[in-house]
Structure formats: C-alpha cells, structure tokens
Amino acid sequence: MATSTLSRVTKALLAPALALGATVALASAPASAAVWSSCDQWGNTILHGYTLYNNIWGSGAGSQCVWANSGTNWGVWANHPNTGGIKSYPNAKKVINKPITSLGSLTSSYNVTVPSSGAYNTSYDIWDTAYHYEIMLWVNKTGAVGPLGTSQGNLTLGGHTWTVYKGNNGSNDVFSFVRTSNSTSGTVNVLPILKWIKDTKGWFGNVTIGDVQFGYEITSSSGGLDFTTNSLTVSGS
C-alpha cells in the first residue's frame, strides 16, 4: 500500500545525512560474509551503480538488517510486529534521469526468494524526478496488503497481466499495477507501461523518470523473515 509515500521518499533521500542516527537491534547477515551489511535505520551504500537502502520508515517498526553481495544480489532480515501499516521498504535503486520520450527502452529482470508468511509486497517503485508521480509494479504479495486507490480494471502490458489502481496519498499521484498472480522471477518491460499512462490515459505528460527502485514493502514479519534478491537488473537507454 503506497500510503505515507512522501515520508518514505523524503527519508530515503535524507539517508546519507541520517546514517549515524538510530540503529535497530542487530541481526545476522547470511552465513557467507556479505560485501556490505547494515542494521541502521537509514543504512545505505552504493554498489555497482545501485544504491541500497535499509529504509525503515514506518511507525511501530521492529528490527531489520540488509546485506549485499553486490548491487544486484542482496537481501533483508526483518522482524516487524503483526500490526497494520507499512514498516519499511528496503530496496535497491537505479537512477535513470531521462524523459519518457527520450527512452528507447527501460526493462528490468528480477529473481527473488520470499517468505510464505507475513504481510508484504515485492514491488518496483518508480518516480519522476519531481516526485509528483509514483508508479508501483507489484510482482507478488502476501498477507493483508493492498494498493492505494480504486481499480481501473485489468491490463496485459510489459510482459505481465496487472490490475491497475489509481489514487493519491495527499502528496503525489500513485499508479499501482498489481500482478494478477504472484511471481518470483521474470522480466518487466517498463517503458510500455509508462507510455500507456502518458499517452493512453493522459495521467501525466512527458515526465523525467528518475528513480527505479525494487524491494520489499513490509507490513509485518513477526518472528523474523528473510527476503532475498537473488538477481536484479535495471537497464534504461
């Protein structure tokens, strides 16, 4: 659910300055030593062109630690209580910084291992550079979670079939594409989705696409659950 999105974005942008701030309880990284790990609330690093954020932003959060072998192979251990409201969005971000009409392609491939319990979604979070528009692509979801806004019906585009939702969180418009069946691996052709929003629906103009984030929007993971990004690529040209 894309509520309190501005809060999430603002805190993510401030992460470098806040990296010395609050630290959550420690948890173990994978048995094989990772290249980088952090249990800091706003822990972040850059690896191979991807920015990794621990990004614990919601109220009532528990413990969470992120680890990475690279910018495209990383994971999270999270122990958030079984209460409502999004607690965190640990993610890897690739910056595109191109107007939609200047993009010849924008694609991403993902392969994840996610728990069968808890409440969360695995999603792309795509922003224009002004942070006026948020495009979420949910590739899987578990538990009591759902997107913001009202259903606009189903759409097959970018290699997947989605239920599309349109809403506003008080700070920005949110367009959520929720896959009609869960997937743990695949390739998304993102550009046709952006063009459909721009050209077919007219929900925004020729905005400049800034951040393409991929991660786990976690509402609850009581007892401690592991989320692993086995591989990830984001490519725009």
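Our structure is the block above this text.
Residues numbered from 1 in each chain as written. Predicted model: local features only at pLDDT ≥ 70, side-chain atom pairs only at ≥ 80, totals over all residues. Heavy atoms only, no water.

So, on to the environment of Gly 43. Its location among the elements puts Gly 43 in the loop between β1 (36-38) and β2 (44-47). In this structure the C-alpha to C-alpha distance between Gly 43 and Pro 90, which are 47 residues apart in sequence, comes to 9.7 Å. (Helix = DSSP H or I, 4+ residues; strand = E, 2+ residues; numbered from the N terminus.)

Sheet topology note: the strand β4 (residues 63-70)/strand β5 (residues 73-79) ladder contains seven bridges and is antiparallel. Among the inter-strand pairings, Ser 70 is bridged to a residue of β5, identified as Asn 73. Linking two consecutive strands that pair antiparallel, namely β4 and β5, is a turn of two residues. Direction of pairing for β5 relative to strand β15 (residues 225-236): antiparallel, over a ladder of five bridges. Paired with Ala 78 across the strands is Leu 225, a residue of β15. (Pairing = 2+ DSSP bridges.)

One pass over the structure, following the stated rule, counts two salt bridges. The residue Lys 93 makes a salt bridge to Asp 211 at a minimum N-O spacing of 3.9 Å. With Lys 93 in strand β6 (residues 91-99) and Asp 211 in strand β14 (residues 208-220), the pair connects residues that are 118 residues apart, well separated along the chain. The pair formed by Lys 93 and Asp 211 is uniform in burial state, with each residue classed as buried. In this structure, Asp 199 engages Lys 198 in a salt bridge whose closest nitrogen and oxygen atoms are separated by 2.7 Å. Residue classification places Lys 198 among the buried positions, given a relative accessible area of 18%. (Salt bridge = Lys/Arg side-chain N within 4 Å of Asp/Glu carboxyl O. Buried < 20%, exposed > 50% of the residue type's maximum accessible area, 1.4 Å probe, protein only.)

This paragraph deals with the nonpolar core. Of all hydrophobic cores here, the largest spans 47 residues; its most connected members are Tyr 124, Leu 137 and Phe 177. Once you skip the residues sitting within four places of it in the chain, Leu 137 turns out to touch Thr 122, Ser 123, Tyr 124, Ile 126, Trp 162, Phe 177, Val 188, Val 190 and Ile 193. With five residues, the next largest nonpolar core counts Ala 119, Trp 138, Val 145 and Val 178 among its residues. (Core = buried A, V, L, I, M, F, W, Y, C linked by side-chain atoms within 4.5 Å. Contact = heavy atoms within 4.5 Å.)

For any pair of aromatic rings, the description rests on two quantities: the centre-to-centre distance and the angle between the ring planes. This model, assessed by the stated rule, comprises 15 aromatic pairs. Pairing Phe 175 with Trp 203 gives two aromatic rings, centres 5.0 Å apart and planes at 20°, and the pair type is stacked. In this pair, Phe 175 sits in strand β12 (residues 173-179) while Trp 203 sits in the loop between α3 (190-201) and β14, placing the two residues 28 residues apart along the sequence. Residue Phe 175 is classed as buried on the basis of its relative accessible area of 1%. Trp 203 sits in the buried class, given a relative accessible area of 15%. Taken together, Trp 74, Tyr 110, Tyr 120, Tyr 124, Phe 214, Tyr 216 and Phe 227 form an aromatic cluster joined through their ring pairs. Over the ring of Trp 203 we find Lys 166, and its NZ or CZ is 5.6 Å from the ring centre. (Phe/Tyr/Trp six-rings, centres within 6.5 Å; stacked < 30°, edge-to-face > 60°. Lys NZ or Arg CZ within 6 Å of the ring centre and 35° of its normal.)

A word on the state of the cysteines. One pass over the full model with this rule turns up one disulfide. What pairs with Cys 39 in a disulfide is Cys 65, and their sulfur atoms sit 1.9 Å apart. Classification of the bridge connecting Cys 39 and Cys 65 rests on its S-S torsion, roughly 105°, and on that basis the disulfide is right-handed. A residue pair is termed long-range when its members are at least 10 positions apart, and Cys 39 in the loop between β1 and β2 and Cys 65 in strand β4 qualify at 26 residues. On the basis of relative accessibility, which here comes to 10%, the residue Cys 39 falls in the buried class. (Disulfide = S-S within 2.5 Å.)

The next point concerns the side chain of Gln 64. One can find Gln 64 in strand β4. In this structure the side chain of Gln 64 is engaged in a polar contact, spanning 2.8 Å, whose partner is the backbone oxygen of Asn 54. Among the polar contacts listed, one links the side chain of Gln 64 to the side chain of Ser 88, at a separation of 2.6 Å. (Polar contact = N/O pair within 3.5 Å; in protein donor to acceptor, adjacent residues only side chain to side chain.)

Before going further, it helps to examine the sheet that holds strand β11 (residues 160-168). Spatial strand order, β2-β3-β6-β14-β8-β9-β12-β11-β10: nine strands in an open sheet with mixed pairing. Strands with a single pairing partner mark the edges of an open sheet, and in this sheet they are β2 and β10 (150-157). Each strand of the sheet is rotated relative to its neighbour by a mean of 25°, with strand direction disregarded. Note that strand β8 (residues 119-128) and strand β9 (residues 133-142) share eight bridges and pair antiparallel. Bridge pairing in β9 links Asp 125 to Met 136. (Axes fitted to C-alpha atoms, helices over the stretch in contact; angles between N-to-C directions.)

So, on to the environment of Ser 181. Within the secondary structure, Ser 181 sits in the loop between β12 and β13 (185-189). Considered as a pair, Ser 181 and Lys 141 are 40 residues apart in the sequence and their alpha carbons are 8.9 Å apart.

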